[in-house]
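Coordinates in review
Here is what each chain is made of, one letter per residue.
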Amino acid sequence: MESNGDFFTRAFDVVRRIPGGKVATYGQIARLIGEPKKARYVGFAMHSSPGVAGGVPCHRVVFKDGSLAPGFAFGGADAQCKLLEAEGVTFLSDGRVDMNACAWDGRDPNRMGPPPGFLTAAEFGD
DNA sequence: CCTGTGACACGTC
DNA sequence: AGACGTGCCACAG
C-alpha cells in the first residue's frame, strides 16, 4: 500500500530514516527500497523531495564516493557540508564525507527489523 | 503520443 | 589505476 508505485515515497521514507550524524548513498537507498538499479532515480526523487523541512534530509544523501552534490543540490555542496557537519558527520580534507565512520548501517535504531538487503559499513570498506 | 532528460551505479576496456 | 558506455524509470515539454 503506502509504497505501491511511489518509488519517490519509498525513497523519501528511507532517507527520512537516516539517523543524524550518518549519511547514506543513492545506491544504498535504492537498494534499501529494493530497486538498486534505480539509484539514479533516487537522486531525482530528492529533487522532487519537499526538502529537509518536509522531513527529507537530502543533505544526508551523498555519493558512493562520499562526495556531495556538485551544486545541483538544495543549496550547494557547501550548505550540505555544513549541515552534515552540524549533524556530527566528519569530513575529509577532500571535502568528502568520511564514509569510514559516517556510513549509515542501513539499520534504523527506531526500527527493529533491518530492511531487506540492508547495507553494512563493511560494504563501504572499498 | 513520443523524445529527452536526470542529485547514479556497475561492468568492461 | 582511471575512463567510457550502458541500464534503469519517471516526469517535463
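Our structure's up above, just so we're on the same page.
Residues numbered from 1 in each chain as written. Chains lettered and ligands numbered in written order. Predicted model: local features only at pLDDT ≥ 70, side-chain atom pairs only at ≥ 80, totals over all residues. Heavy atoms only, no water.

1. So, the pattern of salt bridges
In the structure shown here, the tally under the stated rule is three salt bridges. Note that lysine 22 and aspartate 105 form a salt bridge whose closest N and O atoms lie 2.6 Å from each other. On the criterion of sequence distance, the pair formed by lysine 22 in the loop between helix 1 (7–16) and strand 1 (24–25) and aspartate 105 in the loop between helix 5 (99–102) and helix 6 (121–124) is long-range, its members being 83 residues apart. For arginine 60, the salt bridge is made with glutamate 87, and the minimal N-O distance between the two is 2.9 Å. Here arginine 60 is found in the loop between helix 3 (39–48) and strand 2 (61–62), whereas its partner glutamate 87 is found in helix 4 (residues 77–87), with 27 residues between them in sequence. What makes arginine 60 buried here is its relative accessible area of 12%. (Salt bridge = Lys/Arg side-chain N within 4 Å of Asp/Glu carboxyl O. Helix = DSSP H or I, 4+ residues; strand = E, 2+ residues; numbered from the N terminus. Buried < 20%, exposed > 50% of the residue type's maximum accessible area, 1.4 Å probe, protein only.)

2. Side note on the nonpolar core
Ranked by internal contacts, the top residues of the largest apolar core, which has 20 residues, are Val15, Ile29, Met46 and Val61. Looking at this core, the elements with two or more residues in it are helix 1, helix 2 (26–33) and helix 3. The greatest single-element share of this core, amounting to six residues, is contributed by helix 1. What isoleucine 29 contacts, discounting residues up to four positions off in sequence, is Ala11, Val14, Val15, Ala24, Val42 and Val61. Judged by nonpolar contacts, the second largest core, of nine residues, contains Val62, Leu68, Met99 and Ala103. (Core = buried A, V, L, I, M, F, W, Y, C linked by side-chain atoms within 4.5 Å. Contact = heavy atoms within 4.5 Å.)

3. Notes on helix 3
Taken residue by residue, helix 3 has Val42, Ala45 and Met46 as its buried positions. All buried residues of helix 3 fall inside an arc of 100° around its axis, so they share one side. Helix 3 presents Arg40 and His47 as exposed residues on the side facing more than 90 degrees away from its buried surface. The secondary structure elements touched by the buried residues of helix 3 are helix 1, helix 2 and strand 2. (Arc of directions from axis to C-beta.)

4. Observations regarding helix 1
Along helix 1, the residues that are buried comprise Phe7, Phe8, Ala11, Phe12, Val14 and Val15. Looking straight down helix 1, one finds that the buried residues subtend no more than 165° of arc, so they occupy a single side. As for helix 1, its buried residues are in contact with helix 2, helix 3 and strand 2.

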